Amino acid sequence: MALYKEEHFGIARKIVSNMTSESWESIPHASMTYDADVTELFAECKKLNADCTDKSRKITINTIMLKIICEGLKAAPKMNTHLEFNRKLVRGCLKYFDNIDISMPMILPSGEMMTINMHDMGNKTLSEMTAAINEAARRARNSNMEEVMYQVSLDYTLTGLKKGHIRQAINKVVGSKLGKHRVKNLTGSAKKEYYSIPTTDRLTRHDIEQGTTTVSNLGSIYREQKGFCALLEIIPPQTTAFALNAAQKRPTVVTDENGKDTIETRLIMPITIAIDHRALDYGDIVPLMRKFDEIFENPSIIQSWK
């Protein structure tokens, strides 16, 4: 076996690695899947876009599913929380939020994956959500993500210092500033030129900060996916995470109005739901699933969301 390449982590990969490590080290994950029958939902989506001639304003299934998750979280507000937990003292506190801020992984023009905070998605119409996602993508194209992530990392370090995590902060500085693993952020004229771009035209720390939950669209990455994501990490202090899997044709038992069961080919989109078991039990998910049932059984409701 011959080593042919070494690839040192950039700052984005460092932050992801650190946060996911913290997730699995500190959070007792529990998960389940919800099989959403989206056969009629896809038809309703086509109706939404029937008169749309501007591709940038087209409402996608991804946007509709984000809205459905928001409606589910409104029915189950305990799932839209942050957790503070001190294991030594066995003290915990759940923080509830009136807004639903979705941390949404997005593929950048460079091919890198970056999680963007889509603020206040719960109170937006489908058209407003579409515009917000397009705007985030536009600003991302003007952004130096290494610089944005450096500012986020610096903020995390300073926050850690305020909480008394001195050794951890020192280790982060050493890891990012010394040796071949050093992070190369902008300096001199390049930095001045970049920060002359208005914040309305580039992403800032505000766009990368933690949301109240995370939603990953795995189906958009690989539409030929078979099966579903069995488990995904929850990024602390969030208490939930969702994965939208690819829509897949499956044989499904369908009950008609007379109570007769038949087997039909239906389009099923599995939704993976992960919870922090310190904060939530499976019973806390039930209101969200009931809201999902209500929506997927009456998908024409999405016309009122436009």
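For the structure itself, look to the data block above.
Bear in mind the structure is a predicted one, so any value in this text is a computation, not a measurement.

This part takes up the nonpolar core. Within soluble globular proteins, side chains that are nonpolar generally end up buried alongside one another. In this structure, I64, M79, I271 and F296 are the most contacted members of the largest nonpolar core, which totals 63 residues. No other element matches helix α3 (residues 61-75), which puts eight residues into this core. Once residues lying within four places of it in the same chain are set aside, the contact partners of M79 are L73, T212, T239, T240, F242, I273, I275, L280, D284, I285 and L288. Listed in part, the seven residues of the second largest apolar core include C229, L232, I234 and A274.

Here we take up helix α2 (residues 39-48). Looking at α2, one finds that the buried residues are L41, E44, C45 and L48. The buried side chains of α2 occupy one side of the element, clustering within an arc of 105 degrees when seen end-on. Facing away from the buried side of α2 by more than 90 degrees, the exposed set consists of K46 and K47. On the buried face of α2, the contacting elements are α3, α4 (126-141) and α10 (286-297).

Let's shift gears to the packing of α2 against α3. It is the contact of α2 with α3, at a shortest axis distance of 10 Å, that shows an interaxial angle of 115 degrees. Considering their axes alone, α2 and α3 lie roughly perpendicular with respect to each other. α3 is crossed by α2, and the crossing has right-handed handedness. Side by side, α2 and α3 meet where L41, F42, C45 and L48 of the first sit next to I61, I64, M65 and I68 of the second.

A few words now on the side chain of S103. You can see S103 is positioned in strand β4 (residues 102-107). Residue classification places S103 among the buried residues on the basis of a relative accessible area of 4%. A polar side-chain atom of S103 sits 3.3 Å from a polar atom in the side chain of Q238. Leave out the neighbours within four places in its chain, and S103 touches T115, I116, N117, E209, Q210, G211, T213, T214, V215 and Q238.

On to α10. In this model, α10 (twelve residues) spans 16 Å end to end at C-alpha, consistent with the 16 Å of a helix rising 1.5 Å per residue. Of all the residues in α10, the buried ones are L288, F292, I295 and F296. Projected down its long axis, α10 shows its buried positions confined to an angular sector of 90 degrees, all on one face. Exposed residues lying more than 90 degrees from the buried face of α10 are R290 and E297. Turning to α10, the residues buried within the fold contact β1 (29-37), α2, α3, β7 (240-244) and β9 (261-276).

So, how was this worked out
- Residues numbered from 1 in each chain as written.
- Predicted model: local features only at pLDDT ≥ 70, side-chain atom pairs only at ≥ 80, totals over all residues.
- Heavy atoms only, no water.
- Core = buried A, V, L, I, M, F, W, Y, C linked by side-chain atoms within 4.5 Å.
- Buried < 20%, exposed > 50% of the residue type's maximum accessible area, 1.4 Å probe, protein only.
- Helix = DSSP H or I, 4+ residues; strand = E, 2+ residues; numbered from the N terminus.
- Contact = heavy atoms within 4.5 Å.
- Arc of directions from axis to C-beta.
- Axes fitted to C-alpha atoms, helices over the stretch in contact; angles between N-to-C directions.
- Parallel < 35°, antiparallel > 145°, perpendicular 65-115°, else oblique.
- Left-handed = near helix turned anticlockwise from the far one by under 90°.
- Polar contact = N/O pair within 3.5 Å; in protein donor to acceptor, adjacent residues only side chain to side chain.
- Expected span 1.5 Å × (residues − 1).

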